[in-house]
Amino acid sequence: MVQRETFRFQTRVRFIDTDASGRIHYTAMFRYFEIAEIEFLRTVGITYALDSGYVFPRVHVECDFKATLIHDDVIDIEVRLTGLGRSSARFEFRTLKGEQVAAVGVIVIACIDSHSQTSMPIPDHLRSQIMPLLDQEEAS
């Protein structure tokens, strides 16, 4: 089995995303994770279209900070799809500042019917697009 190369998204910590201590505000890291997730999915042609009949709200998020991140730091965010259920997907993230791990996190999204607001299976066409992204080492 071929190991998929880890997806990396590079950005800088924006001034608006820092708090009074000069560090990244804890909520901002989730925006950076989401941006990296969206770019990761874009690599297989998936975009979050609001008129599709389904949406993917976050049902679980977590983040542990390992090092200080301040305004203008260059960061690389690694994204891995580590779980794919009937109606949910789990993404794991590592934020790197140079070679140092600065934060690690998880986001779980659920597929929800946009009209009934109830859980629904991930549509087959999306599942077939996202399946190649699944980190087989983690999934087994």
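Note that the coordinates shown come from a computational prediction; the quantities given were computed from them, not determined experimentally. (Residues numbered from 1 in each chain as written. Predicted model: local features only at pLDDT ≥ 70, side-chain atom pairs only at ≥ 80, totals over all residues. Heavy atoms only, no water.)

Novice: I would appreciate a short explanation of the overall build of the protein in the present structure.
Specialist: Secondary structure summary: the protein contains three helices and seven strands in total. Reading the helices (α) and strands (β) of the protein from amino to carboxyl end gives β-α-β-β-β-β-β-β-α-α. Its C-alpha atoms give the protein a radius of gyration of 16 Å, near enough to 14 Å, the size a compact globule of 140 residues would have. Across its three principal directions, the C-alpha atoms of the protein cover 45 × 40 × 20 Å. Buried positions account for 40% of the 140 residues belonging to the protein. Taking as baseline every contact in the protein between residues at least 6 positions apart, the subset at least 24 positions apart corresponds to 68%. For the protein, the accessible area works out to roughly 8,000 Å², and carbon and sulfur atoms hold 52% of it. Between the centroid of the 15 positive side chains of the protein and the centroid of its 20 negative side chains there is a distance of 2 Å. (Helix = DSSP H or I, 4+ residues; strand = E, 2+ residues; numbered from the N terminus. Rg over C-alpha atoms; globule rule 2.2 N^0.38 Å. Buried < 20%, exposed > 50% of the residue type's maximum accessible area, 1.4 Å probe, protein only. Contact = heavy atoms within 4.5 Å. Areas by Shrake-Rupley, 256 points an atom, 1.4 Å probe, with all protein chains shown as cover. Lys, Arg positive; Asp, Glu negative; His and termini not counted. Charge placed at Lys NZ, Arg CZ, Asp CG, Glu CD.)

Novice: Explain the nonpolar core here, please?
Specialist: The nonpolar side chains of soluble globular proteins are, as a tendency, buried together. Counting 36 residues, the largest nonpolar core has Met 29, Leu 81, Phe 91 and Ile 130 as the members making the most contacts within it. For this core, the secondary structure elements donating two or more residues are strand 1 (7-12), helix 1 (26-42), strand 4 (74-84), strand 5 (88-97), strand 6 (100-110) and helix 2 (124-130). At seven residues, helix 1 tops the list of elements feeding residues into this core. With near-sequence residues (within four places) excluded, Ile 130 lies in contact with Leu 41, Ile 46, Leu 81, Leu 84 and Phe 91. (Core = buried A, V, L, I, M, F, W, Y, C linked by side-chain atoms within 4.5 Å.)

Novice: What am I meant to see in helix 1 here?
Specialist: The first and last C-alpha atoms of helix 1 sit 26 Å apart over 17 residues, in line with the 24 Å expected at 1.5 Å per residue. Where helix 1 is concerned, the buried positions are Ala 28, Met 29, Tyr 32, Phe 33, Ala 36, Glu 37, Phe 40 and Leu 41. Taken together, the buried residues of helix 1 touch strand 1, strand 3 (58-65), strand 4, strand 5, strand 6 and helix 2. (Expected span 1.5 Å × (residues − 1).)

Novice: So what exactly am I meant to see when it comes to the confidence of the model for the protein here?
Specialist: When pLDDT is averaged across the protein, the result is 92; 94% of the residues are at 70 or more. When mean pLDDT is compared element by element in the protein, strand 6 scores highest at 98, while helix 3 (residues 136-139) scores lowest at 60. (pLDDT = per-residue confidence, 0-100.)

Novice: Got a minute to help me understand the packing of aromatic side chains in this structure?
Specialist: Here the distance between the centres and the angle between the planes together describe a pair of aromatic rings. Within the structure shown, the criterion is met by six aromatic pairs. Look at Phe 7 and Phe 40: their rings are 5.4 Å apart centre to centre, the planes differ by 45°, and that puts the pair in the tilted class. Taken together, the residues span a long stretch of sequence, with Phe 7 in strand 1 and Phe 40 in helix 1 at a distance of 33 residues. Judged by its relative accessible area of 1%, Phe 40 falls in the buried class. Pairing Tyr 48 with Phe 56 gives two aromatic rings, centres 5.5 Å apart and planes at 35°, and the pair type is tilted. By relative accessible area, which is 15% here, Phe 56 ends up buried. By way of ring pairs, the aromatic residues Phe 7, Phe 40 and Phe 91 are connected into one cluster. (Phe/Tyr/Trp six-rings, centres within 6.5 Å; stacked < 30°, edge-to-face > 60°.)

Novice: Quick question: what am I supposed to make of the side chain of Asp 76 here?
Specialist: In this fold, Asp 76 is placed in strand 4. Asp 76 sits in the buried class, given a relative accessible area of 13%. A distance of 3.1 Å separates a polar atom in the side chain of Asp 76 from a polar atom in the side chain of Gln 10. Ignoring any residue separated from it by four or fewer positions in sequence, one finds Asp 76 in contact with Arg 8, Phe 9, Gln 10, Arg 94, Thr 95 and Leu 96. (Polar contact = N/O pair within 3.5 Å; in protein donor to acceptor, adjacent residues only side chain to side chain.)

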